[in-house]
Amino acid sequence: MTHERRDDDGPGGVGRRGVLRGLALAALAGAGTESVRAAANDGAGYDQRPVSIDSFDGTTLAGSLYEPTGPGPFPAMLMTHGWGGDHTSERVRRLADLYASNGYVVLAYDSRGFGESGGGVGVDGPNEVGDARALVSWLAEYDSVANDGPDDPKVGMDNVSYAGGIQLNTAAVDDRIDAIVPRWAWNDLPYALAPNGVIKAGWDTLLFATGVTGARGVTSGDGYPQEEDILNGLDLEVYEANLLGSATNEFPEESTEYYRARSPSTKLDGVDTPTLVISGWPDTLFVPNEALWNYGGLRERGVETRLVLFEGGHTLTDAAGSDQRSVLDDAALAWVDEHVAGRGPADLPPVTFYEVQSGEWRTTSDVPPGNAGAETFDLADAGSGVSLGDSTLVANSVAPTSTSQLSLENGDHVPGTAADFDFTLDSETEVFGAPALSLTLDAVGTEAHLYAKVYRVVDGEATLIDNQVTPLRFDGPGRHEVDVEMTAFQRRFAAGETLRVTLATTDGGFYNSRECAGVNVRHAPGESTVTFPVVGATGDPPDVPGMTPETPGGRPSG
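Residues numbered from 1 in each chain as written. Predicted model: local features only at pLDDT ≥ 70, side-chain atom pairs only at ≥ 80, totals over all residues. Heavy atoms only, no water.

### Quick notes on the overall build of the protein
Link 1 in the chain: Within the protein, the regular secondary structure consists of 12 helices and 29 strands.
Link 2 in the chain: Considering the protein as a whole, with its 558 residues, one finds that 59% of them fall into the buried category.
Link 3 in the chain: Of the contacts made within the protein by residues no fewer than 6 positions apart, 77% connect residues no fewer than 24 positions apart.
Link 4 in the chain: Of the roughly 20300 Å² that the protein leaves accessible, carbon and sulfur atoms contribute 50%. (Helix = DSSP H or I, 4+ residues; strand = E, 2+ residues; numbered from the N terminus. Buried < 20%, exposed > 50% of the residue type's maximum accessible area, 1.4 Å probe, protein only. Contact = heavy atoms within 4.5 Å. Areas by Shrake-Rupley, 256 points an atom, 1.4 Å probe, with all protein chains shown as cover.)

If you want it as structure tokens, here you go:
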């Protein structure tokens, strides 16, 4: 199958020149660099054909090869798909088209156990890493692929979620990969699936169902799994974590170890590959903190790393749209062009983020920004719900009384099961980063849960920021003191607006406590506080010289 070259400034998209302006790239990203990239891509149509490749252990991996027309050799891109999917998914085909039409050989494949590939799903474990390494070697032997040396192709990796995790896990043990673009990837799977020990009932159930129906084992691949496929498809550890987790309200220790071994958090010290981390503010499966941990961990070691945050990811409230996704794709292409194809500097700022309130792209040096300070609010100074002197009792409920994450309507619906702590701001303030919550409380029973949320309250109407919630678990009755990092966000507050911190005992997105009557939050002066990273008044200049705080004229246009 032959495809025509995709126009750089096609309908509904953001062109290469447009994105370099739209991301507020430094002055070095000038016409010279752009014209080099455009010239390198002239006439890049491509052919597509199916491939079957034997992996390191003889397992057959199915996929498609996209090969540019015209004289080679070409740089290459390797990509797989999200959890439960296959290489024919729309997102894989779209990114394969992006790279193939810009002069890359693209090998898109079904991850082990999914689609028409053999083997069983191991959650981006050693077998999946071995598959990726075998495919890199296959590309090194393919005539149309340019090499850096023997068994060392010019190759990058890109794609989302499950395909993001395999990039980081593979780069940790294979230095032949020249660049990676892990989108919506995790840092620590135990945290992602059960943050602070509280299991995500909604997400974990959805992932389990998607995995079971998507893992077709070694015999099917037709979309209608048989019993044998189901039994052979997913690793039994996945079944154990889901079933025992729902029965006991916590992951078995073996499950935690299994997922942690598949987490970049245990491998970042081995990653030296230039990495463009892309994540979503409202991503409730892999919250933005996971991207910040990956970005920060690599950056601290001197790895060339950039971060882009947008208004999407794993969420039912994805509002990104084609404009934001075009910016992400063009940033990824610029990154890969530099580090894989050698087509000139990408000149991406350290951090590029989409500001939900203004609908504009902004840039900064880090999260929190280098010019950010910290403002601490004492819960003793705020209003609350059911107050008993220097403490507030928040009762537990059998049925969830608060909703967030996967719910389209968020709120705390039963008085007494959530407490609001309101702080009215005296001046315009931008919160940018992860708040730090310090609590002293008494658990009325064992296995107490609390769900901490941040609302922006304007004219009496409260909006849960990015649908995010930070769960906490306390085992054993009596006094507990805890310091926890809440979910990171960026918001501007006008003078007179209210910043609300809510503590609820239940949430519809999680398995809630089955053994606790409630939690008594203590808030005598100094007992419980929340600290926000703040930039200051709206309009403060960015802390990166030579960059503008927002894109000219709002959203970039092609």
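### Considerations on the packing of helix α4 (residues 126-141) against helix α5 (residues 162-171)
Link 1 in the chain: One can describe the packing of α4 onto α5 by two numbers: an axis separation of 10 Å at closest approach and a directional angle of 75°. It follows from the interaxial angle that α4 and α5 lie roughly perpendicular. Across the interface between the two elements, Glu128, Val129, Ala132 and Arg133 from α4 touch Tyr162, Ile166, Asn169 and Thr170 from α5. (Axes fitted to C-alpha atoms, helices over the stretch in contact; angles between N-to-C directions. Parallel < 35°, antiparallel > 145°, perpendicular 65-115°, else oblique.)

### Some words on unusual backbone geometry
Link 1 in the chain: With omega at 0°, the peptide bond leading from glycine 72 into proline 73 counts as cis.
Link 2 in the chain: Valine 367 connects to proline 368 through a cis peptide bond whose omega is -5°.
Link 3 in the chain: Tracing the backbone shows proline 368 in the loop between β13 (360-364) and β14 (373-378).
Link 4 in the chain: In the Ramachandran plot, asparagine 196 falls in the positive-phi region, its phi being about 55° despite a non-glycine side chain.
Link 5 in the chain: Overall, the relative accessible area of 32% leaves asparagine 196 in the partly exposed class.

### Considering the packing of aromatic side chains
Link 1 in the chain: Going through the model one piece at a time under the given rule, you end up with 19 aromatic pairs.
Link 2 in the chain: Their ring planes at 20° and their centres at 5.2 Å tell us that tryptophan 138 and tyrosine 142 sit as a pair that is stacked.
Link 3 in the chain: Its relative accessible area of 17% is what places tyrosine 142 among the buried residues.
Link 4 in the chain: Ring centres 4.8 Å apart and planes at 45° place the aromatic pair phenylalanine 377 and phenylalanine 423 in the tilted group. Here phenylalanine 377 is found in strand β14, whereas its partner phenylalanine 423 is found in strand β19 (residues 418-424), with 46 residues between them in sequence.
Link 5 in the chain: Here the aromatic cluster, defined as three or more aromatic residues joined through ring pairs, consists of Phe377, Phe423, Phe489 and Phe532.
Link 6 in the chain: Positioned over the ring face of tyrosine 258 is arginine 262, at 3.7 Å from the centre of the ring.
Link 7 in the chain: Positioned over the ring face of tyrosine 511 is arginine 514, at 5.6 Å from the centre of the ring. (Phe/Tyr/Trp six-rings, centres within 6.5 Å; stacked < 30°, edge-to-face > 60°. Lys NZ or Arg CZ within 6 Å of the ring centre and 35° of its normal.)

### Observations regarding helix α12 (residues 321-341)
Link 1 in the chain: Given a rise of 1.5 Å per residue, 21 residues ought to cover 30 Å, and the 29 Å separating the end C-alpha atoms of α12 matches this to within 8%.
Link 2 in the chain: Burial of α12 is extensive: 15 of the 21 residues sit out of reach of the surface.
Link 3 in the chain: Trailing α12 by a residue or two, glycine 342 shows a phi angle of about 65°, which is positive. (Expected span 1.5 Å × (residues − 1).)

### Section: the pairing of strand β12 (residues 351-355)
Link 1 in the chain: Burial of β12 is extensive: 5 of the 5 residues sit out of reach of the surface.
Link 2 in the chain: Burial along β12 is two-sided: Val351, Phe353 and Glu355 and Thr352 and Tyr354, pointing in opposite directions, are all buried.
Link 3 in the chain: Pairing geometry for strand β11 (residues 305-310) and β12, over 3 bridges, is parallel. Bridge pairing in β12 links leucine 307 to valine 351. (Pairing = 2+ DSSP bridges.)

### Focus on the confidence of the model for the protein
Link 1 in the chain: Averaged over the protein, the pLDDT score is 86; the fraction of residues at 70 or greater is 85%.
Link 2 in the chain: This stretch, residues 4-43, has a pLDDT under 50; its non-local contacts, to residues over four places away or in other chains, come to 92 contacts. (pLDDT = per-residue confidence, 0-100.)

### What to know about the side chain of lysine 200
Link 1 in the chain: Along the chain, lysine 200 turns up in the loop between α6 (189-193) and α7 (201-214).
Link 2 in the chain: It turns out lysine 200 is buried and unbridged, and the closest side chain with the opposite charge, glutamate 290, is 6.1 Å from it.
Link 3 in the chain: Those residues in contact with lysine 200, other than ones at most four positions away along the chain, are Ala192, Leu193, Pro195, Thr205, Thr284, Leu285, Gln405, Gly509 and Phe510. (Lys, Arg positive; Asp, Glu negative; His and termini not counted. Salt bridge = Lys/Arg side-chain N within 4 Å of Asp/Glu carboxyl O.)

### Some points on the pattern of salt bridges
Link 1 in the chain: Taken as a whole and judged by the stated rule, the model has 27 salt bridges.
Link 2 in the chain: Here glutamate 90 makes a salt bridge to arginine 94, at a shortest N to O gap of 3.7 Å. Taken as a pair, glutamate 90 and arginine 94 lie in helix α3 (residues 90-100) at a separation of 4 residues, close to a single helical turn.
Link 3 in the chain: Judged by relative accessible area, glutamate 90 falls into the partly exposed class, the value being 47%.
Link 4 in the chain: The partly exposed category is assigned to arginine 94, whose relative accessible area is 24%.
Link 5 in the chain: Through salt bridges with shared partners, one network takes in Glu90, Arg94, Asp158, Arg183 and Asp329.

### Points about the side chain of threonine 59
Link 1 in the chain: Note that threonine 59 resides in the loop between β2 (46-54) and β3 (60-68).
Link 2 in the chain: Ignoring anything within four residues of it in the chain, the contact list for threonine 59 reads Ile53, Asp54, Arg112, Gly118 and Gly119.

### What to know about the packing of α7 against helix α9 (residues 236-248)
Link 1 in the chain: Packing of α7 against α9 brings their axes to within 11 Å, and their N-to-C directions diverge by 150°. In the packing of α7 onto α9, the handedness of the crossing is left-handed. From α7, Asp204, Thr205, Phe208 and Val212 reach across to α9, where they touch Val238, Tyr239 and Asn242.
Link 2 in the chain: Grouping the constituent residues of the contact of α7 with α9 by class yields 4 nonpolar, 2 polar and 1 charged. (Left-handed = near helix turned anticlockwise from the far one by under 90°. Nonpolar A, V, L, I, M, F, W, Y, C, P; charged D, E, K, R; others polar.)

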